[in-house]
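Here are the chains, one letter per residue:
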Amino acid sequence: MKYLQVTKVNLSRTLAYPARFFIWMAQTLASFFIFPFIWLTVYQSREMIGEFSRADIVTYYVLAAAITLLVRAYLQHFVQQDIIRGELSAYLTKPFPYLLYYRFRQLAFKSLAAVFVMTFFLVLLGIFPEYIALPKSGMTYLIFFCLSFSHGSFPRLSNISSGFCHFGLARQMAFFI
């Protein structure tokens, strides 16, 4: 229940400044457009490059951008900022784990981002169905979602250690300035 409250509070924080959220989403969604259009330019009049069709490569980049948006945590930034501002100790005294707190904190933003991604994908599928290659097998979807989940789990560990390293380097650099 307390984790759900963290998510609700951060959802209201995200929606308190809607312009900032929409600008960030527009910037993020730009990558959904840029790389597929670059590849469509590379393909020009060819149907295939190697074993990949136009639809394969566009689908790959749209899904890669969506997975990155929905799974990436950016924990190193939060850890670094909490250490620099001296707020880490306050989080460590709370009755729930620090990293779990940040997962539920980001759940609010990620749920809003998921709505944007799904809407964008459905619009793209409606406007350009010839450029999206959807798998025919249900097993393919299962494997895809399992791999997508693992794609986000492993980098979190490196993000955490990266946050502590960034703090350490920033502190070392402060001595030289």
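Data block above holds the structure.
This one's a predicted model, so the numbers in the text were calculated from it and none came from an experiment. (Residues numbered from 1 in each chain as written. Predicted model: local features only at pLDDT ≥ 70, side-chain atom pairs only at ≥ 80, totals over all residues. Heavy atoms only, no water.)

A. Seen up close, the overall build of the protein. Along its length, the protein carries seven helices and two strands. Helices and strands in the protein line up, N terminus first, as α-α-β-β-α-α-α-α-α. Burial statistics for the protein: of 177 residues in total, 32% are counted as buried. Taking the intrachain contacts of the protein between residues at least 6 apart in sequence as the baseline, contacts between residues at least 24 apart amount to 74%. (Helix = DSSP H or I, 4+ residues; strand = E, 2+ residues; numbered from the N terminus. Buried < 20%, exposed > 50% of the residue type's maximum accessible area, 1.4 Å probe, protein only. Contact = heavy atoms within 4.5 Å.)

B. Just the nonpolar core, in detail. Membership of the largest hydrophobic core comes to 20 residues, with the highest contact counts inside it found for M25, F32, V58 and V62. Secondary structure elements with two or more residues in this core: α2 (18-43), α3 (54-71) and α6 (98-127). For this core, the leading source of residues is α6, giving seven residues. Apart from residues no more than four positions distant in its own chain, V62 is found in contact with F32, P36, F121 and L124. With eleven residues, the next largest nonpolar core counts A73, I83, L88 and Y101 among its residues. (Core = buried A, V, L, I, M, F, W, Y, C linked by side-chain atoms within 4.5 Å.)

C. Examining a nonpolar patch on the surface more closely. On the surface, F33, I34, F35, F37, I38 and V42 cluster together into a nonpolar patch covering about 540 Å² of accessible area. You can see I38 is positioned in helix α2. For I38, a relative accessible area of 44% corresponds to the partly exposed category. (Patch = residues over 30% accessible without salt bridge, like charges linked within 9 Å, V, L, I, M, F, W, Y side chains within 5 Å. Areas by Shrake-Rupley, 256 points an atom, 1.4 Å probe, with all protein chains shown as cover. Salt bridge = Lys/Arg side-chain N within 4 Å of Asp/Glu carboxyl O.)

D. Inspection of the side chain of T14 at higher detail. Structurally, the position occupied by T14 is in helix α1 (residues 2-16). Residue classification places T14 among the buried residues on the basis of a relative accessible area of 14%.

E. Structural context of the packing of α2 against α6. In contact at an axis separation of 11 Å, α2 and α6 are set at 45 degrees when each is read in the N-to-C sense. Between α2 and α6, the interaxial angle falls into the category oblique. For the pair α2 and α6, the sense of crossing is right-handed. Of the residues in α6, those in contact with F21, F22, W24, M25, L29, F32 and F33 of α2 are F109, L112, A113, F116, V117 and F120. Across the contact of α2 with α6, the residue classes tally to 13 nonpolar, no polar and no charged. (Axes fitted to C-alpha atoms, helices over the stretch in contact; angles between N-to-C directions. Parallel < 35°, antiparallel > 145°, perpendicular 65-115°, else oblique. Left-handed = near helix turned anticlockwise from the far one by under 90°. Nonpolar A, V, L, I, M, F, W, Y, C, P; charged D, E, K, R; others polar.)

F. View of the pattern of salt bridges. Applying the stated criterion to the full structure yields two salt bridges. Here E87 ties to R85 by a salt bridge, and the two come within 3.6 Å at their closest N and O atoms. Overlapping salt bridges bring together D82, R85 and E87 as one network.

G. Inspection of the environment of A64 at higher detail. One can find A64 in helix α3. Put simply, A64 and F32 are 32 residues apart on the chain and 8.8 Å apart in space, counted from C-alpha to C-alpha.

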